[in-house]
Amino acid sequence: MQDPSAARELLALVRGHRLSGIVMTAARLGIADAIAAGSTTVDALARATDTHAPTLLRLLRALAAAGVLHEGADGSFGLTPAGELMRTDVPGSLAPAIAMMDRDEVHEVWRHLDHSIRTGENAFTALHGEDLWSWRAARPDEAAIFDRSMTAQSAGIGRAVADSYDFGSASVVADIAGGAGSLLAGVLRANSHLRGILFDQPSVV
């Protein structure tokens, strides 16, 4: 006899891509920024995002059900703490990370995960004939999206590392594959005696 709770759990996992799609669509449309700027009604948001109001309402309510927005009794929409992180103008914004995860090359690699499991081969390399880093190096716009994502995700980590580790006896600290250097910068800001070395691929540097 089927366990209803087990079925619900499994279907929630299988349908998870729908929630991801809802959030990524909202990020693409700039909904969080529009709400923060004062567009809180469906009609105002539709004008601000150049979308179809009745269909947008369905998206907004899905976002509310997912905990990204909240819907007021008057039909207005506001940002939850999770929704605030979708804004592009706040410290700790996850908008760059969402943008990177929403790229076609990221989606297609996950769709070909079975190839890697069967063969042990990197799925991206199998699809494109080159590794991801070479592919991005030839596409500066895509590389910039990735770099912004990495910078955003590591923005607060440098200070946390500096607070949790005693660098007093060190004179040099190196960040290997450190991207734009935001993590290293956080460590150096808290330890003015240190010299920092940022090491990454030539295209990143």
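Preceding this paragraph is the structure being described.
Peer 1: Sorry, what's going on with the overall build of the chain here?
Peer 2: The secondary structure content of the chain amounts to 14 helices and 4 strands. Computed over the C-alpha atoms, the radius of gyration of the chain is 21 Å, more than 25% above the 17 Å expected from 2.2 N^0.38 for a compact globule of 205 residues. Principal axes of the C-alpha set define a box for the chain whose edges measure 60 × 45 × 40 Å. For the chain, the proportion of its 205 residues judged to be buried stands at 32%.

Peer 1: For this particular structure, what's the right way to read the packing of helix H13 (residues 157-164) against helix H14 (residues 182-190)?
Peer 2: Pairs of packed helices are described in terms of their axes, by the angle between the two and the distance that separates them. At a closest axis distance of 7 Å, the pairing of H13 and H14 adopts a crossing angle of 45 degrees. Here H13 is positioned oblique relative to H14, judged by the angle of their axes. Read as a crossing pair, H13 and H14 show a hand that is right-handed. When H13 is examined against H14, the residues Ile157, Gly158, Arg159, Val161 and Ala162 are found in contact with a partner set consisting of Leu183, Gly186, Val187 and Ala190.

Peer 1: Explain the pairing of strand E3 (residues 172-176) to me, please; I cannot follow it from the model alone.
Peer 2: Remark: a regular strand shows side chains that alternate across the two faces of the sheet. The two faces of E3 differ: Val173 and Asp175 on one face are buried, but Val172, Ala174 and Ile176 on the other face are not. Two strands pair when backbone bridges link them, and E3 and strand E4 (residues 195-199) are joined in this way by 5 bridges, in the parallel orientation. Across the sheet, Asp175 pairs through a bridge with Leu198, a residue of E4. Between the parallel elements E3 and E4, the chain passes through H14 in a crossover that is right-handed.

Peer 1: What should I look at first to understand the nonpolar core in this one?
Peer 2: Within soluble globular proteins, side chains that are nonpolar tend to cluster in buried spots. If you look at the biggest cluster of nonpolar residues, it comprises 21 residues, and the most contacted ones within it are Ile31, Ile35, Leu56, Leu60, Leu63 and Leu69. Put simply, the parts of the chain that give this core at least two residues each are helix H2 (16-29), helix H3 (31-36), helix H4 (42-49), helix H5 (53-65) and strand E2 (77-79). Considering every element that reaches this core, the biggest residue donor is H5, with 5 residues. Non-local contacts of Ile31, meaning those with residues more than four positions away in its chain, are made with Ala26, Leu45, Thr49, Leu56, Leu59, Leu60 and Leu63. In terms of nonpolar packing, the next biggest core, distinct from the first, is built from 5 residues, Phe167, Leu184, Val187 and Leu194 among them.

Cut-offs and rules
Residues numbered from 1 in each chain as written. Predicted model: local features only at pLDDT ≥ 70, side-chain atom pairs only at ≥ 80, totals over all residues. Heavy atoms only, no water. Helix = DSSP H or I, 4+ residues; strand = E, 2+ residues; numbered from the N terminus. Rg over C-alpha atoms; globule rule 2.2 N^0.38 Å. Buried < 20%, exposed > 50% of the residue type's maximum accessible area, 1.4 Å probe, protein only. Axes fitted to C-alpha atoms, helices over the stretch in contact; angles between N-to-C directions. Parallel < 35°, antiparallel > 145°, perpendicular 65-115°, else oblique. Left-handed = near helix turned anticlockwise from the far one by under 90°. Contact = heavy atoms within 4.5 Å. Pairing = 2+ DSSP bridges. Right-handed = clockwise from strand over helix to strand, strands pointing away. Core = buried A, V, L, I, M, F, W, Y, C linked by side-chain atoms within 4.5 Å.

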